[in-house]
Amino acid sequence: MNNATENKPVIVLRDVEKSFGQVKVLHGVSFEVQRGQVTVLIGRSGSGKSTALRCIDRLETVNAGYIEVCGHVVTDPALELRKLRLDVGIVFQSYNLFPHLTIGQNIMLAPRSVKNLPKTETVELARACLEQVGLGDKFDAYPEQLSGGQQQRAAIARSLAMQPKVMLFDEVTSALDPELTGEVLKVIERLAAGGMTMVIVTHEMNFARRIADQLVFMHQGKIWEKGPGAILDAPQTPELQRFAAQEL
Amino acid sequence: MVSSFGTIHIQFLLEGAVWTIILSACAFIGGGVMGLIIALMRISPVWTVRTFAAAYIQLVQGIPLLVLMFTGFFGLPAIGVPVSPLMAATISMTVWVGAYLGEFWRGSLEAVPKSQWEAAECLALSRAQRMFKVIIPQAVRNATPGTVGFMVQIIKNTSLASAVSFVDLTRAGQLINNSIFEPFITFVAVAVIYFLLCFPLSVLSRRLERRMARGMAKA
Ligand SMILES: Nc1ncnc2c1ncn2[C@@H]1O[C@H](COP(=O)(O)OP(=O)(O)OP(=O)(O)O)[C@@H](O)[C@H]1O
Ligand SMILES: [Mg+2]
């Protein structure tokens, strides 16, 4: 790989605008994510973090601006969505495991039907992914038999099985009891250590500070500050100052 | 000479009941296929497809089943499509069941949370894969008690096929009564047989519903 491609950001958002009906939710959001970098979006409820994340995976279409992910121009209406989704994994607050399938089947579904991998290979893949999130013994369990933290880790394993180049996390611990939060965060931290490119929305400030290569503070649909985790300690804007004082 | 109601009549009624079951099964299979197609069309992203299915449902629900039966039995031959009474009744019932199950199953498909669609979409599954591997299996679970319950309606409504000279349980009762003039005992016997066909399905439907409700509470 030559230097030019290596230094090209994996994710680019440039002047992204998004409205729901009359309500403008994103006002010119711009940031970049380098390969292997962890970007954490923070901000108050309703500040547009989820919307920004969903735009990256084209779960929402933007009104203006430019988004590129792994070389796919997300804002191009002619984009082949399946190609984008092969490179991007996303995990939601509500896990969204398929309740009628076992954990193993949940994980094998996409590798089998989308990538047409042979069965034996997907079984091995699923087992490996479950090991990775510490659920090696839950292959045959149904989602409803697992705790919230286990379900969320299974959902992460399901995404990982598609071997995405980028992972997006939207408040993946917000539905969990505090004692289950840690096990999920640990999985994400291991991914970060393994060099996965990630964008994470979270309200866990200590986690954010620990894991972020780049912290992005959003407020009312705009980015007010971005930089290393240290921006939390020396906020430049009163908005971040107030937010940091409340959250830390 | 008027013979009174006896074993031979019961036997004749049971033969009619077999035809009632056959027609019900045909109606359920034909109507089930039709219903699935209509339900999928109803949630299509294409406006014309959606609207066509909606119009079909409205139209059929606005026509008495008996008129559909007449249309099948007398109408089809008149336009050059020869049909047996069983064929005519099956076609009419298919049209009718398809509309009701289509509407009911559309609701079951839409009751699967949107987040399930989204999760499947984010795993790069195609629309067909999302539908058949993620959404339909969950909708089937939700729809089973109601569908079993609707089978009772199907069985009862096959009695209208007696009007197009299909010898089902009802028609068998009419024929017996025409020969022995004992309407009370004859039609009570017919009623009892219908009840015995329908009651187990009603019980099963209610049981499934309760089991589902318990499952929900647990989840
Ligand atoms: N589908 C939608 N339709 C209409 N308005 C929406 C929709 N999704 C989000 N919004 C609005 O957009 C704004 C930003 O929402 P968003 O979910 O992106 O915020 P957030 O920063 O993720 O908040 P939270 O921390 O509560 O998850 C909110 O005012 C919200 O009400
Ligand atoms: Mg959010």
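Criteria and cut-off values
- Residues numbered from 1 in each chain as written.
- Chains lettered and ligands numbered in written order.
- Predicted model: local features only at pLDDT ≥ 70, side-chain atom pairs only at ≥ 80, totals over all residues.
- Heavy atoms only, no water.
- Near = heavy atom within 4 Å.
- Polar contact = N/O pair within 3.5 Å; in protein donor to acceptor, adjacent residues only side chain to side chain.
- Areas by Shrake-Rupley, 256 points an atom, 1.4 Å probe, with all protein chains shown as cover.
- Helix = DSSP H or I, 4+ residues; strand = E, 2+ residues; numbered from the N terminus.
- Nonpolar A, V, L, I, M, F, W, Y, C, P; charged D, E, K, R; others polar.
- Core = buried A, V, L, I, M, F, W, Y, C linked by side-chain atoms within 4.5 Å.
- Buried < 20%, exposed > 50% of the residue type's maximum accessible area, 1.4 Å probe, protein only.
- Contact = heavy atoms within 4.5 Å.
- Axes fitted to C-alpha atoms, helices over the stretch in contact; angles between N-to-C directions.
- Parallel < 35°, antiparallel > 145°, perpendicular 65-115°, else oblique.
- Left-handed = near helix turned anticlockwise from the far one by under 90°.
- Buried area = accessible area lost by both parts, 1.4 Å probe.
- Salt bridge = Lys/Arg side-chain N within 4 Å of Asp/Glu carboxyl O.
- Pairing = 2+ DSSP bridges.

Before going further, it helps to spend a moment on the site of ligand 1. Residues and elements named next belong to chain A. Close to ligand 1 lie F20, V25, R44, S45, G46, S47, G48, K49, S50, T51, E171 and H203. Contacts to ligand 1 include S47, whose backbone N or O atom sits 3.2 Å from an oxygen atom. Within the side chain of E171, one N or O atom sits 3.0 Å away from an oxygen atom of ligand 1. Across the complex, the protein chains shield 57% of the 630 Å² of accessible surface that ligand 1 would expose by itself. For the shell around ligand 1, the element with the highest residue contribution is helix α2 (residues 49–56), accounting for 3 residues. Counted by class, the shell around ligand 1 contains 2 nonpolar, 7 polar and 3 charged residues.

This paragraph deals with the nonpolar core. By size, the foremost hydrophobic cluster in this structure holds 50 residues, and its most contacted members are V40(A), I42(A), I156(A), F169(A), I188(A), M198(A) and I200(A). The residues contacting I156(A), other than those within four sequence positions of it, are V91(A), V133(A), M167(A), F169(A), V184(A), V187(A), I188(A) and L191(A). Membership of the second largest hydrophobic core comes to 49 residues, among which are L109(A), A120(B), L125(B) and V134(B).

All names here are of chain A. In this fold, L53 is placed in helix α2. In this structure, the C-alpha to C-alpha distance between L53 and L168, residues 115 residues apart in sequence, is 7.1 Å. Not counting the four nearest positions on each side in its chain, L53 is found in contact with L168, F169, D170, V199 and V201.

Residues and elements named next belong to chain A. Where helix α4 (residues 103–113) meets helix α6 (residues 148–160), the closest approach of the two axes is 8 Å, and the angle between their N-to-C directions is 25 degrees. Taken together, the axes of α4 and α6 lie roughly parallel to each other. Of the two possible hands of crossing, α4 and α6 adopt the one that is right-handed. Between α4 and α6, the contacting residues are I103, N106 and I107 on the first element and A154, A157 and R158 on the second. Of the residues that constitute the contact of α4 with α6, the class distribution is 4 nonpolar, 1 polar and 1 charged.

This part is about the interface of chain A and chain B. Frequently, the measure chosen for interface size is the accessible area removed from exposure when the parts meet. Each partner contributes residues to the interface: chain A has 21 residues there, and chain B has 19 residues. With both chains or domains summed, chain A and chain B bury close to 1800 Å², and 62% of this area falls on carbon and sulfur atoms. If you sort the residues of chain A by the area they bury against chain B, R85(A), F98(A) and H100(A) come out on top, with a joint share of 29%. Counting every contact that joins chain A to chain B gives 2 salt bridges. Among the salt bridges present, the one from E118(B) reaches R54(A), with a minimum N-O distance of 2.7 Å. The tally of links from chain A across to chain B stands at 6 residue pairs in polar contact (both at pLDDT 80 or more). Within the residue set of the side of chain A that touches chain B, elements represented by two or more residues are α3 (81–87), β6 (88–91) and α4 of chain A. Classifying every residue of the side of chain A that touches chain B gives 12 nonpolar, 3 polar and 6 charged.

A separate point is the sheet that holds strand β9 (residues 214–219) of chain A. All names here are of chain A. Strands sit in the order β6-β7-β8-β3-β9-β10 across an open sheet of 6 strands; the sheet is mixed. This sheet does not close on itself; its edge strands, each paired only once, are β6 and β10 (222–227). The mean angle between the axes of side-by-side strands here comes to 15 degrees, regardless of whether they run parallel or antiparallel. Where β9 lies against β10, 5 bridges are found, and the strand directions are antiparallel.

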